[in-house]
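# Chain and residue survey
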Amino acid sequence: MFDRRVIPQSLPCDLEFREEYSATTGFIWPESWHVREDLPPVDAALEPCVQELLESVATLKMQPGAIKCIPVKEFPVDLRILEQSFSGIFQASRRSREKKEFQESMYEAAWRHDHDRLLFDFFIRLIQQRMDDTAHSLTGGKPTGHLEDPLARPTLEATLRFPMSDSLQKGIEQQSQRSMRRLINREAEDLDDWVCRRGSSPDTYIEEDENASYVNSQWLAWRRETVAETEAKMISKLGQFPSTGRCDALGRLVVELPNVSPAVLSHFPLVVRAATNNDAEVRKENKAPRSGSRAQAKHVHKSQSEDLAKVAGSSLTIPDDSDAPGRKTTGTRYTMLSSSIPSSMQWSNAEKMTSMESMDILTRKTQRLQIEPDATRLELPILTVEYKKASNSMMKGTNQVRMYLTASVKFLQAVGITNIPVYGVQTDGPVVVLPAAVLQDDNFVYLFERLVERLDISTPLGAWHYATILCRLAQNHAEVLEKRFEEVGEKLVASLLGEGNREGWTIDHQIAMLKAEKRGKSPPREKLRKQKSEAN
């Protein structure tokens, strides 16, 4: 982590970012929702959950600054998304609460179901239909209303490429380490007031001091180790690091790269995707191991490593990391979900049709919105997810989330985007912690993982809170990311099509280049012996 210039921080340390973070993750509530009649309908069995939510919100309103009530017209997300899947919030909450009684015997997969339901129901943004667009209207010219944007949707089981190490960059070691020491030890001047305003317990101060001391001790240990290391030892250690990692889910924004072929993109993207039918690699499919097997994952990873070695001008093979192999993913894409068809798509009794006919029309009318597995599309990360079963400890998935977030912001930097955070979801059963990372202009990755938002989806209050956060990420944060990409997109395409080397952000590429450089500089041992004998 430290060799990627990552600075673990508590959220209050950065006055500017904590405001942005609070706007994205703070508890929000429609100002006009006071009594049960103001809220959307739900299944009868879920009515007690709605009543519990109203009571919890009433309690929160008594705590200064704990809740932000916003007029409906100014609500930061499209409220229809929350209203149309209102029952889904409480279904996930109720099932998660039932599991808490048996959490010691529950596996990770049991908890994932509830989290995934909320993720896919609420990591959504809507597209405004165009009245002159026949692809968005039904028979008779009746509009379909807003549609879900397939460019801002989550995907499961995403394999991410990890970034190169910065420890081998010459001339910046001491300056970088002095800056890291200062940043790691910094503390918010208003920490006491900030913690008090959030209604945290007195134990929060003690816990923060312990966590800060632990991070500092780990950094000092890392510094002592790296000072004594030679460059050769640093290089040899790179092959021991995993070059990819597989997160449980990824919330992303898909953008287009015009005129960029799959061969040009090569291994630049953050997400490792299976080859498309247009790729030459598909011709080797019959020789490849069976789909979904571990042998197949190693086969894909080995192929990528060999390609990178060729790019670097070397026939050497990059080390195959058995601890974190690059696994082939399905590349599943998402279109509009049938569960969120707006009410304007309901037909009158005079226009009755079978469900199959309805879905056929829906498929044909939204065909132009579907995302095909096209290598000229790039996935920009918004949210990385790591699920763990209930254990009363967040340590299990901490390092994984750190690497996913670090890889995500390093990739955005390679695209040309900095100062844009990527958020994380780390779970322990029903408990969700929301860290975030941002790579700033000083080239440090600020990892905000202490004193961040923490919620419990087994409560209606926590499930509602989480749903609103997912909506804000898919709508507001994706919009900011999209605008930033529009500013750098042309430059990125020009770099990929030209001589610019955009692949250099990954550790695979770094190892390949180092091996190629070593092979070019160091003659084989036999050749050295021959030269020595000829000289004698």
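Coordinates for the structure precede this section.
Notes on the structure in this doc start here. (Residues numbered from 1 in each chain as written. Predicted model: local features only at pLDDT ≥ 70, side-chain atom pairs only at ≥ 80, totals over all residues. Heavy atoms only, no water.)

## Some remarks on the overall build of the protein
A count of helices and strands for the protein gives 16 helices and 11 strands. Counting across all 536 residues of the protein, residues that qualify as buried make up 51%. A fraction of 80% describes how many contacts in the protein between residues 6 or more apart in sequence connect residues 24 or more apart. Here the protein has roughly 26900 Å² of accessible surface; of this, 50% comes from carbon and sulfur atoms. (Helix = DSSP H or I, 4+ residues; strand = E, 2+ residues; numbered from the N terminus. Buried < 20%, exposed > 50% of the residue type's maximum accessible area, 1.4 Å probe, protein only. Contact = heavy atoms within 4.5 Å. Areas by Shrake-Rupley, 256 points an atom, 1.4 Å probe, with all protein chains shown as cover.)

## Remarks on the pairing of strand S8 (residues 377-386)
Summarising burial for S8: 9 of the 10 residues are buried, a large majority. Of the pairings in the sheet, the one linking strand S7 (residues 244-256) to S8 comprises 8 bridges and is antiparallel in character. Paired with Gly251 across the strands is Leu383, a residue of S8. One ladder, built from 4 bridges, connects S8 with strand S9 (residues 422-428); its direction is parallel. For Val385, the partnering residue across the bridge sits in S9 and is Val425. (Pairing = 2+ DSSP bridges.)

## Thoughts on the packing of aromatic side chains
In total, this model carries 11 aromatic pairs according to the counting rule given. A ring pair is formed by Phe86 and Phe90, whose centres lie 5.0 Å apart and whose planes are at 85 degrees; its orientation type is edge-to-face. Of this pair, Phe86 and Phe90 both sit in helix H4 (residues 86-100), 4 residues apart, which is roughly one turn of that helix. A relative accessible area of 0% means that Phe86 is categorised as buried. By relative accessible area, Phe90 is classed as buried at 0%. With 6.3 Å between their ring centres and 80 degrees between their planes, Phe86 and Trp464 make a pair best called edge-to-face. Of this pair, Phe86 sits in helix H4 while Trp464 is found in helix H14 (residues 460-497), placing the two residues 378 residues apart along the sequence. Through a chain of ring-to-ring contacts, the aromatic side chains of Trp29, Trp33, Phe86, Phe90 and Trp464 assemble into a single cluster. (Phe/Tyr/Trp six-rings, centres within 6.5 Å; stacked < 30°, edge-to-face > 60°.)

## Here we look at the environment of Gly26
One can find Gly26 in the loop between helix H1 (15-25) and strand S2 (28-30). Residue Gly26 is classed as buried on the basis of its relative accessible area, which comes to 19%. Expressed as a C-alpha distance, the spacing of Gly26 and Glu453, which sit 427 residues apart in the sequence, is 7.8 Å. Apart from residues lying up to four places away in sequence, Gly26 is in contact with Tyr21, Glu453, His465 and Arg472.

## A short note on a negative patch on the surface
On the surface, Glu187, Asp192, Asp193, Asp203, Glu207, Asp209 and Glu210 cluster together into a negatively charged patch. Mapped by element, the contributors of at least two residues to the negative patch are helix H7 (191-197) and helix H8 (203-228). Take the negative patch: its biggest share by element is 4 residues, from H8. (Patch = residues over 30% accessible without salt bridge, like charges linked within 9 Å, V, L, I, M, F, W, Y side chains within 5 Å. Salt bridge = Lys/Arg side-chain N within 4 Å of Asp/Glu carboxyl O. Lys, Arg positive; Asp, Glu negative; His and termini not counted. Charge placed at Lys NZ, Arg CZ, Asp CG, Glu CD.)

## Topic: the sheet that holds strand S1 (residues 6-10)
Read across the open sheet, the 7 strands follow the order S1-S11-S10-S9-S8-S7-S6; overall the sheet is mixed. Only two strands of the sheet have a single neighbouring strand rather than two, namely S1 and strand S6 (152-161). For this sheet the average axis-to-axis angle between neighbouring strands, irrespective of direction, equals 35 degrees. One ladder, built from 9 bridges, connects S6 with S7; its direction is antiparallel. When the bridges of S7 are listed, Leu156 appears paired with Ala249. (Axes fitted to C-alpha atoms, helices over the stretch in contact; angles between N-to-C directions.)

## What about the nonpolar core?
Within the largest apolar cluster, 118 residues are counted, with the highest numbers of intra-cluster contacts made by Trp29, Phe268, Leu378, Leu383, Val415 and Trp464. Excluding residues that lie within four positions of it along the chain, Trp29 makes contacts with Leu39, Leu53, Leu54, Val57, Lys61, Ile67, Lys68, Cys69, Ile70, Phe75 and Trp464. (Core = buried A, V, L, I, M, F, W, Y, C linked by side-chain atoms within 4.5 Å.)

## Section: the side chain of Gln91
Checked against the element boundaries, Gln91 lands in helix H4. A distance of 2.7 Å separates polar atoms of two side chains, one belonging to Gln91 and the other to Arg117. Setting aside residues up to four positions removed in sequence, Gln91 forms contacts with Asp43, Leu46 and Arg117. (Polar contact = N/O pair within 3.5 Å; in protein donor to acceptor, adjacent residues only side chain to side chain.)

## A closer look at unusual backbone geometry
Leave glycine aside and you will find that most residues have negative phi; peptide bonds, for their part, are mostly trans. In this structure, Glu157 takes a positive phi of about 50 degrees despite not being glycine. Looking at the element boundaries, Glu157 is found in strand S6. Unusually for a residue other than glycine, Asn443 sits at a positive phi of about 70 degrees. On the secondary structure map, Asn443 appears in the loop between strand S10 (431-439) and strand S11 (445-456).

## A word on the packing of H1 against H14
Contact geometry of H1 with H14 gives a least axis separation of 8 Å together with a crossing angle of 115 degrees. Judged by residue contacts, Ser22, Ala23, Thr24 and Thr25 of H1 engage His465, Ile469, Arg472 and Leu473 from H14. The residue makeup of the contact of H1 with H14, split by class, is 3 nonpolar, 4 polar and 1 charged. (Nonpolar A, V, L, I, M, F, W, Y, C, P; charged D, E, K, R; others polar.)

## Focus on helix H5 (residues 108-122)
Taking 1.5 Å as the rise per residue, H5 with 15 residues should run 21 Å; its terminal C-alpha atoms sit 21 Å apart, in good agreement. By the burial criterion, the buried members of H5 are Trp111, Arg112, Asp114, His115, Asp116, Leu118, Leu119, Phe120, Asp121 and Phe122. (Expected span 1.5 Å × (residues − 1).)

## A word on the pattern of salt bridges
Considering all chains together, one arrives at 17 salt bridges under this definition. The salt bridge involving Glu386 is made with Lys388; its shortest N-O contact spans 3.3 Å. In this structure, a network of salt bridges that share partners links the residues Arg112, Glu157, Arg246 and Asp248.

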